[in-house]
Amino acid sequence: MTSSPKVDWDYTKLAATYTQRPPYAARAVDRIVEACGQSQPKVADIGAGNAHLTVELLARGCVVDAVEPNDAMRSIGIERTDGGAVTWHVGVGEDTGLPAGGYDLVTFGSSFAVTDRPVALRETARILRRPGWFACLWNHRDLDDPLQRDIEALIRRRIPDYGYGLRREDQAPVIEESGLFEPPTVIREPILHRVNVEDWLAAWRSHGILERQAGAEFDSILTDIDRYVHALGVDEIDVPYVTVGWLAAVRGS
Ligand SMILES: C[S@@+](CC[C@H](N)C(=O)[O-])C[C@H]1O[C@@H](n2cnc3c(N)ncnc32)[C@H](O)[C@@H]1O
């Protein structure tokens, strides 16, 4: 695929601030890569975007084919992984353009929910070797933390039925219903990020789910959050996250 495919989730406007988003818990990425049982697994990283997960895979010895439909996200990803064992491709999870049976591991870092998941799972099973592994993961903010609770309240004041959709749902049913994978292992690894307030506020500007649901209210919500956080009068805040993932062996392994 050479020209950018049309996708339902357009990250063009979010790309510039996306790199400020927190990294995944190291232990979660370790567990996914260790499942391959190899020192240099061949990995297809789908919806690789700005390379948030790709850089972690490269740091663990993986040889990566990164697939990303969006030009703005991909160009940041290419820059961030310059010199690494990675080749970038234009494509989508439903049609990667990658060779059949070529990969030990196929990863979706915060990108599984933006695909047509059953179709993406079929494509994943096609490009995996036997044995081979599928993994999808996200960073969930701990919404029980007092600061995060207040921010949720600010959002809900303008979007009363705000929801996180598929990214906070159990992915096991769709994986099992595909009939292509063994029952998945769930990964939950907590991680506390001490972040610079300005970086954290910038990261909100790359929040695809909020942008999509807020519509014309997006800027007002960001202003509410900016005001609230600045009123705390601190330069840094602690933000608790849990990296949540599903790891499944392809059938026939
Ligand atoms: C939330 S970002 C995740 C970026 C990165 N993988 C990470 O771990 O942070 C989702 C990415 O999926 C891409 N995307 C959108 N639709 C897609 C599709 N159908 N297949 C694969 N990727 C898609 C977006 O362009 C975006 O770069």
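Residues numbered from 1 in each chain as written. Predicted model: local features only at pLDDT ≥ 70, side-chain atom pairs only at ≥ 80, totals over all residues. Heavy atoms only, no water.

### Some remarks on the site of the ligand
Quick reminder of the rule: Whether a residue is near a molecule or strand depends on its heavy atoms: it is near if one of them lies within 4 Å of it. Polar contacts, as counted here, are pairs of nitrogen or oxygen atoms within 3.5 Å of one another; within protein the pair requires one atom able to donate a hydrogen and one able to accept it, and residues that are adjacent in sequence qualify only if both atoms are side-chain atoms. Computed with a 1.4 Å probe, the accessible areas rest on the Shrake-Rupley method; for each residue, only the protein chains presented here act as cover. Put simply, Ala, Val, Leu, Ile, Met, Phe, Trp, Tyr, Cys and Pro go in the nonpolar bin, Asp, Glu, Lys and Arg in the charged bin, and everything else, Gly too, in the polar bin.
Lining the immediate environment of the ligand, one finds 22 residues, of which Tyr24, Gly47, Glu68, Gly93 and Gly109 sit closest. At 3.5 Å, a backbone N or O of alanine 48 approaches a nitrogen atom of the ligand. Coverage of the ligand by the protein chains reaches 98% of its 590 Å² of free accessible surface. The residue makeup of the shell around the ligand, split by class, is eleven nonpolar, nine polar and two charged.

### Thoughts on the sheet that holds strand S5 (residues 128-141)
Operational definition: Whether two strands pair depends on DSSP finding at least two bridges between them. Where helices and strands are cited, they refer to DSSP runs of H or I of at least four residues and of E of at least two residues respectively, numbered from the N terminus. With axes taken as lines fitted to C-alpha atoms, and helix axes fitted only over the stretch in contact, angles between N-to-C directions fall between 0 and 180 degrees. Residue contacts are counted whenever heavy atoms from the two residues lie within 4.5 Å of one another.
Reading across from one edge, S3-S2-S1-S4-S5-S7-S6 is the order of the seven strands in this open sheet, with mixed pairing throughout. Two strands close off the open sheet at either side, each with one partner strand: strand S3 (86-89) and strand S6 (185-196). Direction aside, neighbouring strands of the sheet carry axes that sit 20 degrees apart on average. Pairing of strand S1 (residues 42-46) with strand S4 (residues 103-109) involves four bridges; the strand directions are parallel. Its bridge partner lying in S4, alanine 44 is registered against valine 106. Along the sheet, helix H2 (residues 26-34) makes contact with S4, S5, S6 and strand S7 (236-249), crossing S6 at roughly 145 degrees.

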